[in-house]
Amino acid sequence: MQKSFSVGSKTFLLDQAKAEEAFAAKRVINGRETMTFNLLPLKYQWAYDLYRKMKANHWEPEDIPMGKDIEQWRDQKHVSDMERWIIRMGIGYFSAAEGIVGDNIQHVVRELVTAPELKLVLGRHAHEENIHADSLLYMISSLGINPHECEAMFEDVQTIVRKNEFVTRISRDLRRDLDLTKSENKRLLAKNIFVFGQCMEGTQFYGLFGMVLSLYRQNKFPGIGQMFRYTLRDESNHIEVFRNLFMDLVEENREIWTVEFKEELRATMAEAVQLEKEFIRDCLPVNAVGLAVDEFLLYIDYIADRRLEGVGLAPLSPGVKNPLPWLAEMMDIKKEQNFFEGRVTEYQKASALEVAHDDEL
Ligand code: FE
Ligand code: MN
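Residues numbered from 1 in each chain as written. Chains lettered and ligands numbered in written order. Predicted model: local features only at pLDDT ≥ 70, side-chain atom pairs only at ≥ 80, totals over all residues. Heavy atoms only, no water.

Caption draft 1: Inspection of unusual backbone geometry at higher detail. Following L40, the chain continues into P41 via a peptide bond in cis, with omega recorded as -10 degrees. Mapped onto the fold, P41 is located in the loop between α1 (16–24) and α2 (45–56). The backbone phi angle of N30 is positive, close to 55 degrees, even though this residue is not glycine. Mapped onto the fold, N30 is located in the loop between α1 and α2. One non-glycine residue with positive phi stands out, namely N219, at about 60 degrees. Along the polypeptide, N219 turns up in the loop between α9 (206–217) and α10 (222–252). With a relative accessible area of 60%, N219 lands in the exposed category. (Helix = DSSP H or I, 4+ residues; strand = E, 2+ residues; numbered from the N terminus. Buried < 20%, exposed > 50% of the residue type's maximum accessible area, 1.4 Å probe, protein only.)

Caption draft 2: Broad picture of a nonpolar patch on the surface. Residues F5, V7, F12 and L14 make up a contiguous nonpolar surface patch of about 380 Å² in total accessible area. Elements with a minimum of two residues in the nonpolar patch: β1 (2–7) and β2 (10–15). With respect to the element layout, L14 can be found in strand β2. (Patch = residues over 30% accessible without salt bridge, like charges linked within 9 Å, V, L, I, M, F, W, Y side chains within 5 Å. Areas by Shrake-Rupley, 256 points an atom, 1.4 Å probe, with all protein chains shown as cover. Salt bridge = Lys/Arg side-chain N within 4 Å of Asp/Glu carboxyl O.)

Caption draft 3: Spatial organisation of the coordination of the iron ion (ligand 1). The protein atoms that coordinate the iron ion (ligand 1) are E98 (OE), E129 (OE), H132 (ND1) and E235 (OE), at distances spanning 2.0 to 2.2 Å. In this structure, the iron ion (ligand 1) is surrounded by 4 donor atoms whose angles at the metal cover 77 to 142 degrees, and the resulting shape is irregular. In terms of primary sequence, the donors binding the iron ion (ligand 1) are separated according to E-x30-E-x2-H-x102-E. Separating the iron ion (ligand 1) from the manganese ion (ligand 2) is a distance of 3.1 Å, and E129 supplies a donor atom to each of them. Here the residue E98 occupies a position in helix α4 (residues 81–112), and E235 occupies one in helix α10, the gap between them amounting to 137 residues. Each member of the pair E98 and E235 is classed as buried. (Donors = N, O, S within 2.8 Å, 3.2 Å for Na, K, Ca; no water. Tetrahedral: all angles 85-135°; square planar, octahedral: opposite > 155°, others 65-115°.)

Caption draft 4: Just the pairing of β1, in detail. Burial of β1 is sparse: only 0 of the 6 residues sit out of reach of the surface. Summarising the sheet, β1 and β2 pair through 6 bridges and their orientation is antiparallel. Counterpart to S4 in the pairing with β2 is L13. (Pairing = 2+ DSSP bridges.)

Below you can see the structure in the form of structure tokens.
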């Protein structure tokens, strides 16, 4: 079917069938070449919906006052060195981690996916990692921490080094010309998306999220706590972007979803959990400041199983209950939306206002 437009002496013919063919060729991978970046018509509606949701949550570090944090950082009487150490570990780990996530999106995942609306949401995801990295820089400069010390944290603290190696390994493997018609390479990409979304952002970020938010709950470092809350809200969207991407990739390439591959992913999550637990023991070498290390360790088991179930995999520690119910109020995937209701930043435009549906998270 062709539609013609006559304008002045010229006639333009538009071919509906050809356009429909282009739409039918949209795929997560091995789809139509998309240099033209034509978003419409949308095939992956979730990607566009998440893009809009992420955009509506925009924030900038400089909006958050750091006066109280600076005061507490210097206060030897009311703030303990243990509390300062948790903040140092938070800054040391996330300074490197945010950049690693953003870099993997730009140089691996966004390079390999073919549908434009997937590239759109991944571009926003990468930009949010830049905002997070910048927020760490803002914390470091506000508190007057020597920037060399921050670099040294991720060079010299072995549990941080090991967490970083765990993810950069799978990122490095994909930085070459990859024939994505081969099942083994499709699995490499699926594993990368699983590792970054569910193991790293979904699980290995949550030990520190919990510790920093528990300080925040005790009115310690309110500016840093606020930035971690905004970051956590962003991360819950990132986990969802990568969860959807993973599910659609598997759906379109069913042959990769073998028993062996599922077990490989569960074993990878088990490794992520192990690394996170060692890291938590470095963050909190003793039970202090109202924080019990065992509860945080158990929390990681709990959250890792939620991530596995989210992508249709069996849990590693079935039956584990959330040991930190107050954290659930602040963090639980279903409640994050309500938690932030009415606290949106000034960047949110009226046109971007959306009502959260239960099935969205
Ligand atoms: Fe981030
Ligand atoms: Mn993220």
